[in-house]
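# Inside the fold
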Amino acid sequence: MVSRRNFLIGGAALPFLSYIELADTAFAATPKDILVVAQQLDNMTSLDPHEGFEAVGGEVMSNMYQKLVRANSDNPDHVLPVVAASWEADADNKVFTFKLADAKFSSGASVTGEDVAFSLQRAIKMNKSPAFIINQFGFTAENVESRIVAKDAKTVTLTTEAPTAISFLLFCLSANIGAIVEKKVVLANETNGDLGNAWLQKNSAGSGSFKLQAWKASESITLVLNENGPYKGNLKRVIIRHVVDPSSQMLMLQKGDVDIARDLTSEQLKALQSDDGIVLVRKQIASLVLISLNQNNANLAKPQVWQAVKWALDYEGMQKNIVPLTHAVHQSMEPAGFPGTVTDTPFKQDLEKAKALMAEAGLKDGFDITLDHYSAQPYPDLAQAIQANLGAIGIRVKLQSAENRQVLTKMRARGHEMALSAWGTDYFDPNSNAEVFCINKDNSDDAKKKPFAWRSSFKSDEFTAKAEAARDEKDPAKRLALYETLQRDFMANSPFAVMFQTTRTAACRKNVNGFQLGVLSEGNSYLETNKA
């Protein structure tokens, strides 16, 4: 195991060492039954699955807890059974019955219907950030004990407020908010009626592959094997070290000090592509890069300008030259890897067509506009390319760079004209993005609900109706077909130019296999990971 001295040499002190000096540094190889991962861990606040909503924490929790079902990375239109062996809806699509498979918590106790009902009730009663994913079915703290019920040790029923598509319910239950905790253990650690929340923030009570041994904030997370869980490989422990600097992660990987590096830059990944000792595991994740046109600007409110912007952009050139290993061209509001996502990319750079659209809009001589963008790469480089592309059709763009939070704050106040930003999906169902991009019923400045479309003052009654119809369609196949139509309409007729989808890469030493990345962070799994 790596000593603290060697870890510090491999981490904090690395920027001050030459490559020759590093080559002479003695690092111990990691044991075969211990997986060591270098990863940025600074955005975690809680490991309670009914509270935590950050990406890294979501990944850790999904390796400690099981849910009734989980997303299917090979066929995203369907979910896979986990604790649920089967499920069915009644004729009215309001009562959903789940039969449970055999599973055991890390304590050795069996997972029962009472544990499942308690867990979902707990998520609703605590009402933390991710609770909206399942309380949208009409569950409240007042009614949840009557609507989520354990009929016996192997049967649980959920009764929704309104008729519900079973596929919508299942996709939402595949999120970490649907994690099953052991009722007896959690209640034994309850403090002042908190349903064990304070204790579960830094402990675990699940039936997943691993259980939490220790979480040291901004230092490390240690997971140990759940002997009663589903993991069947040779790992006994997973140690995730907080290593901020990608250069440090890179050198620790090459020296064998860690088995997986999770946050390498595009340039570092390029160098590793020809390294026979490293395997790159890649996955498109649910994060989109897009341009938003604020409809409060008279020029940007013209549909011909929406189209002109989309036809002026050189998507392929930016992808190949600026973000070749970290992003792929993507133009739908739904991320690839999600149920029913359209992967068409109809817009390609056509400057003559874009100029004709500008003339049709009465803007042959162009106009001046400001584009806000994040200051971190690759956004400045992308913004410069966009500036050049739009300049070719007469749109004179002034670039305004700021920190991520400053750009988002400006957008939330509707203070931008054009903005280059990112959007991450909350849960594994097309409604997650369709709702924020399409359903904006109150476009007033003091609206109670302020979805992403509201930020750019975009309101379409047609899109709202189509998004609600798709959400509420009971037939799973028809539901996805409605979403596909909606995506194509939105691509062609909205003031949002979706450009790219982010790709994540895990760089693994070649003796590590089976590590999986998911389209959402909770799909990142050690379940099939082994180490030779």
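Below is a short write-up of the structure.

The rules behind these values
- Residues numbered from 1 in each chain as written.
- Predicted model: local features only at pLDDT ≥ 70, side-chain atom pairs only at ≥ 80, totals over all residues.
- Heavy atoms only, no water.
- Helix = DSSP H or I, 4+ residues; strand = E, 2+ residues; numbered from the N terminus.
- Rg over C-alpha atoms; globule rule 2.2 N^0.38 Å.
- Buried < 20%, exposed > 50% of the residue type's maximum accessible area, 1.4 Å probe, protein only.
- Contact = heavy atoms within 4.5 Å.
- Areas by Shrake-Rupley, 256 points an atom, 1.4 Å probe, with all protein chains shown as cover.
- Lys, Arg positive; Asp, Glu negative; His and termini not counted.
- Charge placed at Lys NZ, Arg CZ, Asp CG, Glu CD.
- Salt bridge = Lys/Arg side-chain N within 4 Å of Asp/Glu carboxyl O.
- Pairing = 2+ DSSP bridges.
- Axes fitted to C-alpha atoms, helices over the stretch in contact; angles between N-to-C directions.
- Phe/Tyr/Trp six-rings, centres within 6.5 Å; stacked < 30°, edge-to-face > 60°.
- Lys NZ or Arg CZ within 6 Å of the ring centre and 35° of its normal.

Looking only at helices and strands, the chain has 20 helices and 19 strands in total. A compact globule built from 532 residues should have a C-alpha radius of gyration of about 24 Å, and the chain, at 24 Å, falls within 12% of that. Across the 532 residues in the chain, those meeting the buried criterion constitute 54%. In the chain, the proportion of contacts linking residues at least 24 apart, taken out of those at least 6 apart, comes to 71%. Total accessible area on the chain is roughly 21,800 Å²; 48% of this is exposed by carbon and sulfur atoms. If the 57 positive side-chain charges of the chain are averaged to one point and the 61 negative ones to another, these points end up 2 Å apart.

This part takes up the side chain of K310. Here K310 shows up in helix α12 (residues 303-312). Here K310 occupies a buried position and makes no salt bridge, while the nearest side chain of opposite charge, D489, is found at 11 Å.

Here the focus is the pairing of strand β9 (residues 220-225). Among the 6 residues that make up β9, 6 are buried, leaving the element largely enclosed by the rest of the structure. Sheet topology places strand β8 (residues 210-216) next to β9; 6 bridges connect them, and they run antiparallel. Pairing of F210 across the sheet is with L225, part of β9. Once β8 ends, the chain turns through 3 residues before running back antiparallel as β9, passing S218 with a positive phi of about 55 degrees. Relative to strand β10 (residues 237-242), β9 runs antiparallel, the two being bridged by 5 bridges. For I221, the partnering residue across the bridge sits in β10 and is I240.

The strand order across the open sheet formed by 4 strands is β4-β5-β7-β6, and the pairing between neighbours is antiparallel. Looking at which strands have only one partner, the edges of the open sheet turn out to be β4 (84-89) and β6 (148-152). The average angle at which neighbouring strand axes cross in this sheet is 20 degrees, direction not considered. Of the strand pairs in this sheet, β6 and strand β7 (residues 155-159) are connected by 4 bridges, and their pairing is antiparallel. For I148, the partnering residue across the bridge sits in β7 and is L158.

A few words on the packing of aromatic side chains. According to the stated counting rule, one finds 20 aromatic pairs in the structure shown. Aromatic rings pair up to connect W306, W423, F437, F452, F458, F463, F490 and F496 into one cluster. Between the NZ or CZ atom of K353 and the centre of the ring of W311, over which it lies, the distance is 3.9 Å. The cationic tip of R414 hangs over the ring face of W454; the distance from NZ or CZ to the ring centre is 3.9 Å.

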